[in-house]
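# Commentary on secondary and tertiary structure
Given next are the chains, with one letter for each unit.
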Amino acid sequence: MSDTVIKVENISKLYRLGEVGTGTISHDLNRWWHKVRGKEDPYLKIGQTNDRTQKGDSDYAWALKDVSFEVKRGEVLGIIGRNGAGKSTLLKILSRVTTPTSGEVKIKGRIASLLEVGTGFNPELTGRDNIYLNGAILGMRKQEINRKFDEIVDFSEVERYIDTPVKRYSSGMYVRLAFAVAAHLEPEILIVDEVLAVGDVQFQKKCMGKMSDVARHGKTILFVSHNMGAVLSLCNKAVWLANGKYFMGGKAREVGDAYLNANTLQSQQRVSLNTVARAGSDGSRAKITAIEWLDGVPLRHGCSVRVRLEIAFQNLTEDLRLGIGFSTIEGIRVVTYDSDANQSGIFSIDTPGTHSFELVIDKLPLNPGFYSIDVGCKSGDDHGLDYLKGAASVEVISGPNTPAHYFGKEAAVRLDGLWKSNSTNKT
Amino acid sequence: MNSQHTKIATNSLKTSVAQLPAAESSDDWSLVIRPQGRWWELQLTDVWHYRDLLWMFVRRDFVSVYKQTILGPIWFFIQPLLTTIMFTVIFSGIAKVSTGGLPPMLFYLAGTTPWNYFATCLTKTSGTFINNANLFGKVYFPRLVTPISIVVSNLIQFSIQFLLFLGFLAYYLIKGTEIHPHWLIIIGLTPVLLLLMALLGLGTGILVSSLTTKYRDLTFLVTFGVQLAMYGTPVIIPMASVPAKYLWIMEANPMSAIIETFRSIYLGGVIPWMQLGISAAVTLLLLLAGIAIFNKVEKTFMDTV
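The text that follows walks through the structure, step by step, so that each part is easy to find. (Residues numbered from 1 in each chain as written. Chains lettered and ligands numbered in written order. Predicted model: local features only at pLDDT ≥ 70, side-chain atom pairs only at ≥ 80, totals over all residues. Heavy atoms only, no water.)

## Details of the overall build of chain A
Applicable threshold: Elements are defined by DSSP. Helices are runs of H or I of four residues or more, strands are runs of E of two residues or more, and each kind is numbered from the N terminus. Exposure classes here rest on a 1.4 Å probe applied to the protein chains alone. A residue is buried below 20% of its type maximum, exposed above 50%, and partly exposed in between. Any two residues having at least one pair of non-hydrogen atoms within 4.5 Å are treated as being in contact. Here the Shrake-Rupley method, with its probe set to 1.4 Å, supplies the accessible areas, and only the displayed protein chains count as covering residues.
On a plain count of helices and strands, chain A comes out with 9 helices and 19 strands. Taking all 427 residues of chain A together, 47% fall into the buried category. Pairs at least 24 residues apart make up 69% of the contacts formed inside chain A by residues separated by at least 6 positions. Put simply, chain A shows about 21400 Å² of open surface, and 50% of that area lies on carbon and sulfur atoms.

## Regarding the interface of chain B and chain A
To keep things clear, this is the line we draw: Buried area is a sum: the accessible area each of two parts loses on coming together, probed at 1.4 Å, counted once for each and added. Think of a salt bridge as a Lys or Arg side-chain nitrogen and an Asp or Glu carboxyl oxygen that are within 4 Å of each other.
With 39 residues of chain B at the contact, the number on the chain A side is 46 residues. Taken together, both faces of the contact between chain B and chain A bury some 4000 Å²; the carbon and sulfur share is 57%. Of all residues in chain B, B:Trp29, B:Ile33 and B:Lys138 give up the largest surface area on contact with chain A, accounting jointly for 19% of the area buried on that side. In this structure, the connection of chain B to chain A is made through 3 salt bridges. Residue B:Arg59 pairs with A:Asp129 through a salt bridge whose shortest N-O separation is 2.8 Å.

## Details of the pairing of strand β19 (residues 383-397) of chain A
Residues and elements named next belong to chain A. The line we're drawing: At least two DSSP bridges between two strands are needed for those strands to be called paired.
Taken together, the 2 bridges between strand β12 (residues 299-300) and β19 define a ladder with parallel strand orientation. Within β19, the position partnered with Leu299 by the bridge is Val396. Where strand β18 (residues 369-379) meets β19, 10 bridges bridge the pair, whose relative direction is antiparallel. The residue of β19 that forms the bridge with Gly369 is Val396. Between β18 and β19, which pair antiparallel in sequence order, lie 3 residues; one of them, Gly380, sits at a positive phi of approximately 75 degrees.

## What to know about a nonpolar patch on the surface
We count it as follows: A residue counts toward a patch only above 30% relative accessible area and without a salt bridge, and it is joined to like-charged neighbours within 9 Å or, for Val, Leu, Ile, Met, Phe, Trp and Tyr, to nonpolar neighbours within 5 Å.
A contiguous nonpolar patch, built from B:Leu82, B:Ile85, B:Met86, B:Val89, B:Ile90 and B:Ile94 and spanning about 560 Å² of accessible area, is present on the exposed surface. Its place among the elements puts B:Met86 in helix α4 (residues 74-94).

## Side note on the side chain of B:Thr120
All names here are of chain B. Here is the rule: In the analysis that follows, any N or O atom pair within 3.5 Å is treated as a polar contact, provided that within protein one partner can donate a hydrogen and the other can accept it, and provided that, for residues neighboring in sequence, both atoms belong to side chains.
Looking at the secondary structure, you find Thr120 in helix α5 (residues 104-125). A distance of 2.5 Å separates a polar atom in the side chain of Thr120 from the backbone oxygen of Asn116. Contact partners of Thr120, with chain neighbours within four places excluded, come to Thr125, Asn154 and Gln157.

## Concerning the sheet that holds strand β6 (residues 189-193) of chain A
Backbone hydrogen bonds are what pair the strands of a sheet, in a parallel or an antiparallel way. Residues and elements named next belong to chain A. Under the convention used in this document: Axis angles are defined between N-to-C directions and span 0 to 180 degrees, where every axis is a line fitted to C-alpha atoms and, for a helix, only to the segment in contact.
Across the sheet, 6 strands lie side by side as β5-β6-β7-β3-β8-β9; this open sheet has mixed pairing. A strand with exactly one partner marks an edge of an open sheet, and here the two such strands are β5 (111-114) and β9 (245-251). Looking at each pair of strands side by side, their axes are set apart by 15 degrees on average, direction ignored. Where strand β3 (residues 76-80) and strand β8 (residues 237-242) come together, 4 bridges link them in parallel fashion. By the bridge assignment for β8, Gly78 is matched with Ala238. Taken strand by strand, helix α3 (residues 87-94) contacts β3, β5, β6, β7 (220-224) and β8, and its axis lies near 145 degrees from that of β6.

## Looking at the nonpolar core
Condition: Residue types Ala, Val, Leu, Ile, Met, Phe, Trp, Tyr and Cys, when buried and joined through side-chain atoms within 4.5 Å, form a set referred to as a nonpolar core.
If you look at the biggest cluster of nonpolar residues, it comprises 123 residues, and the most contacted ones within it are A:Ile131, B:Trp115, B:Phe141, B:Phe165, B:Tyr266 and B:Leu267. The biggest single contributor to this core is α5(B), with 12 residues. Those residues in contact with B:Leu267 that sit more than four places away from it in its chain are B:Leu102, B:Leu106, B:Phe107, B:Ala110, B:Phe165, B:Leu169, B:Ile179 and B:His180. Listed in part, the 33 residues of the second largest apolar core include A:Ile288, A:Ile291, A:Ile324 and A:Leu364.

## Thoughts on the packing of aromatic side chains
All names here are of chain B. Threshold: Side-chain rings of Phe, Tyr and Trp (the six-membered ring for Trp) are treated as a pair once their centres are within 6.5 Å; stacked means planes under 30 degrees apart, edge-to-face means over 60, and tilted covers the remaining angles. Whether a charge sits over a ring comes down to the Lys NZ or Arg CZ being within 6 Å of the ring centre and within 35 degrees of the ring normal.
Overall, the coordinates contain 27 aromatic pairs over all chains when judged by the stated rule. A ring pair is formed by Phe57 and Phe141, whose centres lie 5.9 Å apart and whose planes are at 55 degrees; its orientation type is tilted. Of this pair, Phe57 sits in helix α3 (residues 51-66) while Phe141 sits in the loop between α7 (133-136) and α8 (145-175); the two residues are 84 residues apart in sequence, bridging distant segments of the chain. For the residue pair Phe57 and Phe141, the accessibility class agrees, reading buried in each case. Aromatic side chains Phe162 and Tyr266 sit 5.8 Å apart centroid to centroid with 80 degrees between the ring planes, which places their arrangement in the edge-to-face category. Note that Phe162 is positioned in helix α8 and Tyr266 in helix α12 (residues 254-267), a separation of 104 residues in sequence. Of the two residues, Phe162 and Tyr266, both sit in the buried class. Taken together, the aromatic side chains of Tyr117, Phe158, Phe162, Phe165, Phe262 and Tyr266 make up a single cluster linked through ring pairs. Taking NZ or CZ as reference, Arg143 lies 4.5 Å from the ring centre of Phe136, over its face.

## Notes on unusual backbone geometry
Residues and elements named next belong to chain A. A positive phi angle, close to 50 degrees, is found at Asn10, a residue other than glycine. Mapped onto the elements, Asn10 comes out in strand β1 (residues 4-16). Among the residues examined, Asn10 registers a relative accessible area of 43% and is labelled partly exposed. Of note in the backbone geometry, Glu157 takes a positive phi value of approximately 60 degrees without being a glycine. Assignment of secondary structure puts Glu157 in the loop between α5 (142-156) and α6 (171-183). Its relative accessible area of 53% is what places Glu157 among the exposed residues.

## Comments concerning the packing of α5(B) against α8(B)
Residues and elements named next belong to chain B. Heads up, the rule is: With respect to orientation, any angle under 35 degrees is reported as roughly parallel, any angle over 145 as roughly antiparallel, any angle of 65 to 115 as roughly perpendicular, and every other angle as oblique. Amino acids outside the nonpolar list (Ala, Val, Leu, Ile, Met, Phe, Trp, Tyr, Cys, Pro) and the charged list (Asp, Glu, Lys, Arg) are all regarded as polar, and Gly is one of them.
Their axes nearest at 9 Å, the elements α5 and α8 cross at an angle of 175 degrees. Considering the angle they form, α5 stands roughly antiparallel to α8. In terms of residue class, the contact of α5 with α8 is built from 18 nonpolar, 7 polar and 1 charged.

None of this, on its own, says anything about what the molecule does.
If you want it as structure tokens, here you go:
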């Protein structure tokens, strides 16, 4: 039971940054010219480690650099790391979507990867046809699909619509059918991306349930995520990637704890957000430049907390509204403080430049644990100026009024309601 | 357990036959992912393993093309018919280009039927990587399955146009027009010609598609170039009436011999065996080069597309 089924040996992957276009021909010619003379690829040398926060002076970056690890049969391995740590690149190499720049991966047994459900679904085809098509794309033979067809239809709960084109399906039916096909793949090694677990909570549970089911049957699973909750509940081993390098590996619990500790170390009292990459908004009109915990970190449950946001404005801004959200490490938002919850929290900025705003939380309702902070500001009701998901993380520890025997995480929020006794026989 | 056994076995083998190169440690790996495969590894067994997928793709193409059209497959009928009528009017009627004594309709149909098949194979397969980037970025299967499935699905279009051609041929034969098909050779050579066209279209198509992943300029060139190439092929003008000054263009084109042969076996005339042989050799070379480059590109194209 302990033989190696995946052996990753010194995998590296070099990516070209920026636009592919101008310069590619000259780089290609140069590369070819070096090759003809028997020299090393000139662009392999100048690649730098993948650290997004620093602006490199090279056009090339290592998404992965000399990563090696082994996976044994029956292990459920979680691959964790921050955004851009190289998880997705590793996944793509393992699922053979792209090849490494150097190094080797050796695999024993049939491998299947689920980077997405419903890959290759054709909206014009019926559910039945799509089961066959999707199954074949995922590597199943026709007899195999024939054999499992009824099971797949049962699992998907769309039997009535099986001969209807999938473009008429509701999105829920579509996803269920797609997942049903994927769930009935029977590979010896399964690679799963966390994006698979999007969708409603019911569906997530079904995905997770199916995965632990597969794991119990002695199959090997690689699960890629930055959702620590999912990794801890599903995996027994973990590998931590940081900036494209193998950072730590071992028991999921140990790696997970180390990962959380390291990430909270980064949550200093004041976090500069100037260089952090934005997802949607570009921060060109207003940019949240820093978040500061005025009463120090860690925060204490039930105590007063003051948070300061610093925002740099390029121009005058009317009707400014701010928001701070706290999410659990599983990525579930538990508390949101929007400034426009009352009228005094709508500001107007008369002079461009950096302004600061303060939020006072009377009694922090968050249970002890680690939280990820989202910050945002908008002008008016729907005009977003800047939004940062996971801008910082912070630890909350128990305060003077937190119950002494604190039972782990039965809830993320602990409030103090007013309790009274209405019993007749008072003592 | 198992791997240990093999290790012991290889070790004992090494001691007894010392000059043998050391076997790679218990080499029962079913898959090794390396930076670059060797260029001569065509990975055709891999494609064979995914043959079910190939049929799924063909089926998908067939079903999804006719969905929500009123005329359905008749469209494949109308398009060549109109083109042929156009050719007849412009080239035969107005410009008076010789058709070698054959009825113009039949002459043009004998050219456009095979040419259309080749041209659709080429243009459609040349977009393999770009059109399927989303699919290819999510799951692995031998990418070659996609262009092959395109070539196979195009057979449907070809057969419809071929039926149209046969219909006209029958009409003229019954009418008593002077046509002398090589009946015996037809049966043997038609599938060969079809295969040659398919392979040539596939070979050039995947070559182009491999190059377009990096340099998109080629996509513009393909649709345009295929149109131009038709005039460099004896689709409209029989090779016999091309001035010697320009003849080399047609002779250099591997499709010329195929179309000439196609027309000769159905409508009568000399079969250019020699040219056909050369054309077959060129097709094979292009195909091998195409597959080799395609396989190389499929490994890294996700990074450049």
